[in-house]
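Given next are the chains, with one letter for each unit.
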Amino acid sequence: MMKQADILSDFLDDNTINALPDFLEKSNDFETSADIIASAFGADANFSRTDENGAAKLLSSFKNNLALLIQKTWVEKSDIALKDQLLYQLSEFRTKNTWKDDYKAFLQIINQAVFLMFGQNPESDDFAAYSLRIDPEFGIFWWYISNLPKQADWPEEKCRAAMMIGMYFLANY
């Protein structure tokens, strides 16, 4: 994360860069860090306190915009099945489970969508630097997503905050 922080200092202030490890490490009182990260994507100062109605609107915008991005992405013939599967997973996302239950699925959807959009393995070491070069806003988003743990044993509200930050960016991308 330190190498990324050096590159990110061209795009973000130290307070925002330091908010991510703070968010990841705290099991309680993570809201301030979540709000700082979300504000880097243009969200309001009290983003982590979004009510259920606001969360439902955000989820709808996220699903609609990501589906549009996926549909508009040209893919090789060999990736058409992955594209169709991803659109199905996205349509089913957050229909039955808790935020905590959907955390892993959220990251899988994001990783697959990024793979389709960029044609690269987003988990490769050089993808973070690549994404910052081609689109700094997306690079900052990827810095955030790539530092989230693959599986999180967090409380429901922290999983909700982590996912909503990522959804906010993609809903407005």
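This one's a predicted model, so the numbers in the text were calculated from it and none came from an experiment.

Draft legend 1. Broad picture of unusual backbone geometry. At Asp29, a residue that is not glycine, the phi angle is positive and equals roughly 55 degrees. Looking at the element boundaries, Asp29 is found in the loop between α2 (14-25) and α3 (31-40). In this model, Arg94 sits at a positive phi of 65 degrees, which is unusual for a non-glycine residue. Positionally, Arg94 belongs in the loop between α5 (80-92) and α6 (99-118).

Draft legend 2. Inspection of the nonpolar core at higher detail. Counting 60 residues, the largest nonpolar core has Phe23, Phe62, Tyr144 and Leu148 as its most contacted members. When residues of this core are traced back to their parent elements, those giving at least two are α2, α3, α4 (52-72), α5, α6, α7 (127-134), α8 (136-147) and α9 (156-171). When residues in this core are grouped by element, the largest group, 11 residues, is from α9. When residues no more than four places from it in sequence are discounted, the contact partners of Leu148 are Phe23, Leu24, Tyr103, Leu107, Trp154 and Ala162.

Draft legend 3. Structural detail: the pattern of salt bridges. Applying the stated rule across the entire model yields seven salt bridges. Put simply, Arg160 and Glu157 hold a salt bridge, and the shortest N to O gap is 3.9 Å. Note that Arg160 and Glu157 are positioned in helix α9 at a spacing of three residues, about one turn of the helix. Among the residues examined, Glu157 registers a relative accessible area of 45% and is labelled partly exposed. Residues joined in a network through salt bridges with shared partners are Asp22, Lys26 and Asp29.

Draft legend 4. Region of the structure containing the environment of Ile36. Among the structural elements, Ile36 can be located in helix α3. Along the primary structure Ile36 and Ile17 are separated by 19 residues, whereas in three dimensions their C-alpha atoms are 9.2 Å apart. Ignoring any residue separated from it by four or fewer positions in sequence, one finds Ile36 in contact with Asn15, Thr16 and Ala19.

Draft legend 5. Examining the packing of α4 against α6 more closely. α6 packs onto α4 with a crossing angle of 25 degrees between their chain directions and a minimal axis gap of 11 Å. With respect to each other, α4 and α6 are oriented roughly parallel. Here the hand of the crossing between α4 and α6 comes out left-handed. Along its contact with α4, which presents Ala55, Phe62, Leu66, Leu69 and Ile70, the element α6 presents Trp99, Phe106, Ile109, Ile110, Ala113, Leu116 and Met117.

Cut-offs used in this document
- Residues numbered from 1 in each chain as written.
- Predicted model: local features only at pLDDT ≥ 70, side-chain atom pairs only at ≥ 80, totals over all residues.
- Heavy atoms only, no water.
- Helix = DSSP H or I, 4+ residues; strand = E, 2+ residues; numbered from the N terminus.
- Core = buried A, V, L, I, M, F, W, Y, C linked by side-chain atoms within 4.5 Å.
- Buried < 20%, exposed > 50% of the residue type's maximum accessible area, 1.4 Å probe, protein only.
- Contact = heavy atoms within 4.5 Å.
- Salt bridge = Lys/Arg side-chain N within 4 Å of Asp/Glu carboxyl O.
- Axes fitted to C-alpha atoms, helices over the stretch in contact; angles between N-to-C directions.
- Parallel < 35°, antiparallel > 145°, perpendicular 65-115°, else oblique.
- Left-handed = near helix turned anticlockwise from the far one by under 90°.

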